[in-house]
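# Observations on the three-dimensional arrangement
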Amino acid sequence: MQKNAKVVKILLDSLPFIRIFRGQIVVIKYGGAAQSSIELKEKFALDIVMMYMLGIKPVIVHGGGKRINEILESMGIESKFINGYRVTCADSMRVVEMVLSGEINKELTAFLNFYGAKAVGISGKDAQLLQARAKDNGALGYTGEITAVNPSFLLDIINDGFVPIIAPIATGEGARHLGYNINADIAACHIAKALKAKKIIFLSDIAGVLDKNNALISSLNPSQIKQLEREGVISGGMIPKLEACVDCVENGVEKAHIIDGRVEHSLLLELFTTQGIGTEIYNNNASTDSINATESI
């Protein structure tokens, strides 16, 4: 009986969050450790289906860096990164698109459809969802930076009751162009801004943003992030992730969250519990209070 009462309490505690997020667009960047095992993939899919069934409108942007590295290594192609961004040659670009659009995207789409959501897998090339140019004047090869987003295409998909699953490949200059490899964190940010999403959540392979003593920082604003960068606390792949978070919260997205994809059902824990499990990023001018009567995270 006590166990049943505890379950009921958990369900009742989640009601304010369900009320707030119902009907809202939540962009989720899926990657890192959350893709590392079939079990975690399935649990992620179940989290998305739960959100979908509760009336939330999830939009998924996925990466696939580890799998890309594996394939490139098997082909004898070196993986090189500058400030957290992949240097993408023509051969690498073909592999990137094959892995992201052909493997990871369709696997996740199949999981969601099997468990009860209506999911459709697309890439940024579809309907020119993402348009881009070469990043840093071509210094990173076919790694691009987004110049335009087509939100009406995504809104049509969402309003038809589908969950869009997006591979971060952008249209290049001309029909014969290979396209551009877009950092998935940055792609998710641009999509969240274009859709005026309620939240953006980044699944990572760490607990969140850590301080110099490796302790979790539960909440940050853009000025604090800049200070951590100056101190060298933030480096590598965390730089583009936090750049994306700051860009989002400074351009209309209420909050950004970095959470641990290795934790089972981490999305549900972050969305529907008061404590959350990761790091939230908010605008400098926004309140840091955890929700009172209206929002708890």
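Note that the structure is a prediction, hence the values are computed from the model and not measured. Per chain, residues are indexed from 1 in the order of the written sequence. The predicted nature of this model means local features are confined to residues of pLDDT at least 70 and side-chain atom pairs, given and counted, to a pLDDT of 80 or more, with totals for whole chains, interfaces and linings taken over all residues. Each side-chain value is derived from all of the structure's non-hydrogen atoms; neither hydrogens nor water enter the calculation.

## A short note on the overall build of the chain
Worth spelling out the cut-off: Put simply, DSSP marks the helices as runs of H or I at least four residues long and the strands as runs of E at least two long, and each gets a number from the N terminus on. Type-normalised accessible area, obtained with a 1.4 Å probe on protein chains alone, sets the label of each residue: buried when under 20%, exposed when over 50%, and partly exposed for intermediate values. It only takes one pair of heavy atoms within 4.5 Å for two residues to be counted as in contact. For accessible areas, the Shrake-Rupley method is used with a probe of radius 1.4 Å. Any residue's cover is judged against the shown protein chains and nothing else.
Within the chain, the secondary structure is distributed over ten helices and 14 strands. Sorting the 297 residues of the chain into buried and exposed places 48% on the buried side. Across the chain, contacts joining residues at least 24 apart in sequence account for 74% of those joining residues at least 6 apart. Of the roughly 13800 Å² of accessible surface on the chain, a fraction of 51% belongs to carbon and sulfur atoms.

## Some words on the pairing of strand E2 (residues 57–62)
Stated formally: When DSSP finds two or more bridges between a pair of strands, those strands are recorded as paired.
Where burial is concerned, most of E2 is hidden: five out of the six residues are buried. Here strand E1 (residues 25–30) pairs with E2 via six bridges, running parallel. Within E2, the residue paired with Ile25 across the bridge is Lys57.

## What to know about the packing of helix H6 (residues 151–159) against helix H7 (residues 184–195)
Rules: As a rule, the C-alpha atoms of each element are fitted with a line to give its axis, helices using only the stretch in contact, and angles between N-to-C directions run from 0 to 180 degrees. Each angle gets one of four labels, with under 35 degrees taken as roughly parallel, over 145 as roughly antiparallel, 65 to 115 as roughly perpendicular, and the rest as oblique. Under the scheme applied, nonpolar residues are Ala, Val, Leu, Ile, Met, Phe, Trp, Tyr, Cys and Pro; charged residues are Asp, Glu, Lys and Arg; polar residues are all the others, including Gly.
The geometry of H6 relative to H7 is characterised by a closest axis approach of 10 Å and an angle of 75° between their N-to-C directions. Judged by the angle between their axes, H6 and H7 are roughly perpendicular. Contact residues: Pro151, Leu154, Leu155 and Ile158 in H6; Ile191, Ala194 and Leu195 in H7. When its residues are assigned to classes, the contact of H6 with H7 shows seven nonpolar, no polar and no charged.

## Description of the packing of aromatic side chains
This is how the line gets drawn: The criterion for an aromatic pair is that two Phe, Tyr or Trp rings (for Trp, the six-membered ring) have centres within 6.5 Å, with stacked assigned to planes under 30 degrees apart, edge-to-face to planes over 60 apart and tilted to the rest.
Scanning all chains against the criterion turns up two aromatic pairs. With 4.0 Å between their ring centres and 15° between their planes, Tyr30 and Phe44 make a pair best called stacked. Within this pair, whereas Tyr30 is found in strand E1, its partner Phe44 is found in helix H3 (residues 38–53), the two being separated by 14 residues in sequence. With respect to burial, Tyr30 and Phe44 carry one shared label: buried. Aromatic side chains Phe114 and Tyr115 sit 5.1 Å apart centroid to centroid with 85° between the ring planes, which places their arrangement in the edge-to-face category. Overall, Phe114 belongs to the exposed group, its relative accessible area being 66%. What makes Tyr115 partly exposed here is its relative accessible area of 27%.

## Concerning the pattern of salt bridges
Applicable threshold: For this document, the term salt bridge refers to a Lys or Arg side-chain nitrogen within 4 Å of an Asp or Glu carboxyl oxygen.
What the rule picks out here adds up to 13 salt bridges. For Asp185, the salt bridge is made with Lys29, and the minimal N-O distance between the two is 3.4 Å. Note that Asp185 is positioned in helix H7 and Lys29 in strand E1, a separation of 156 residues in sequence. A salt bridge links Lys66 to Asp205; its shortest N-O distance comes to 4.0 Å. In this pair, Lys66 is assigned in helix H4 (residues 65–74) and Asp205 in the loop between strand E11 (199–204) and strand E12 (219–220), connecting sequence segments 139 residues apart. Residues participating in the shared-partner salt-bridge network are Lys29, Asp185 and Lys241.

## Quick notes on helix H9 (residues 238–249)
To keep things clear, this is the line we draw: To estimate how far a helix should reach, multiply one less than its number of residues by 1.5 Å.
Here H9 is twelve residues long and its end C-alpha atoms lie 17 Å apart, about the 16 Å a rise of 1.5 Å per residue gives. Of all twelve residues in H9, ten are buried; the element is thus mostly enclosed. Restricting attention to buried positions, one finds in H9 the residues Met238, Ile239, Pro240, Lys241, Leu242, Ala244, Cys245, Val246, Cys248 and Val249.

## Overview of the confidence of the model for the chain
Test applied: Along the chain, pLDDT gives the predictor's confidence residue by residue, from 0 to 100.
The predicted model of the chain averages 87 in pLDDT, with 90% of residues at 70 or higher. Here residues 287–297 scores under 50 on pLDDT; set against residues more than four positions off or in separate chains, the count is 27 contacts.

## With respect to the packing of H4 against helix H5 (residues 90–115)
Cut-off, in case you're wondering: When the near helix sits turned anticlockwise from the far one by under a right angle, the crossing is termed left-handed; a clockwise turn instead gives a right-handed crossing.
At a closest axis distance of 10 Å, the pairing of H4 and H5 adopts a crossing angle of 130°. Here H4 lies oblique to H5, going by the angle between them. Judged by the twist between their axes, the crossing of H4 over H5 is right-handed. Of the residues in H5, those touching H4 at Arg67, Ile68, Ile71 and Leu72 are Ser92, Val95, Val96, Met98, Val99, Leu100, Glu103 and Ile104.

## Observations regarding the nonpolar core
Keep this limit in mind: The nonpolar core is taken to be a set of buried Ala, Val, Leu, Ile, Met, Phe, Trp, Tyr and Cys residues, with the residues joined through side-chain atoms within 4.5 Å.
Core analysis: the biggest nonpolar cluster contains 46 residues, and Val27, Ile191, Ile200 and Ile281 have the highest contact counts within it. Among the elements that make up this core, the one with the highest residue count is H9 (eight residues). In contact with Ile191, not counting residues within four places along its chain, are Val27, Val59, Val61, Leu130, Leu154 and Ile166. Judged by nonpolar contacts, the second largest core, of 27 residues, contains Ala45, Ala117, Val163 and Leu203.

## A look at the sheet that holds strand E8 (residues 163–167)
Here eight strands make up an open sheet; going across it, the order is E5-E8-E2-E1-E11-E13-E14-E12 and the pairing mixed. Of all the strands in the sheet, the pair left with one neighbour each is strand E5 (119–123) and E12. Pairing geometry for E1 and E11, over four bridges, is parallel. Pairing of Lys29 across the sheet is with Phe202, part of E11. Strand contacts of H3: E1, E2, E8 and E11, with the helix running at about 175° to E1, the strand carrying the most contacts. Packing of H5 onto the sheet brings it into contact with E1, E2, E5 and E8, and relative to E5 it is tilted by some 165°.

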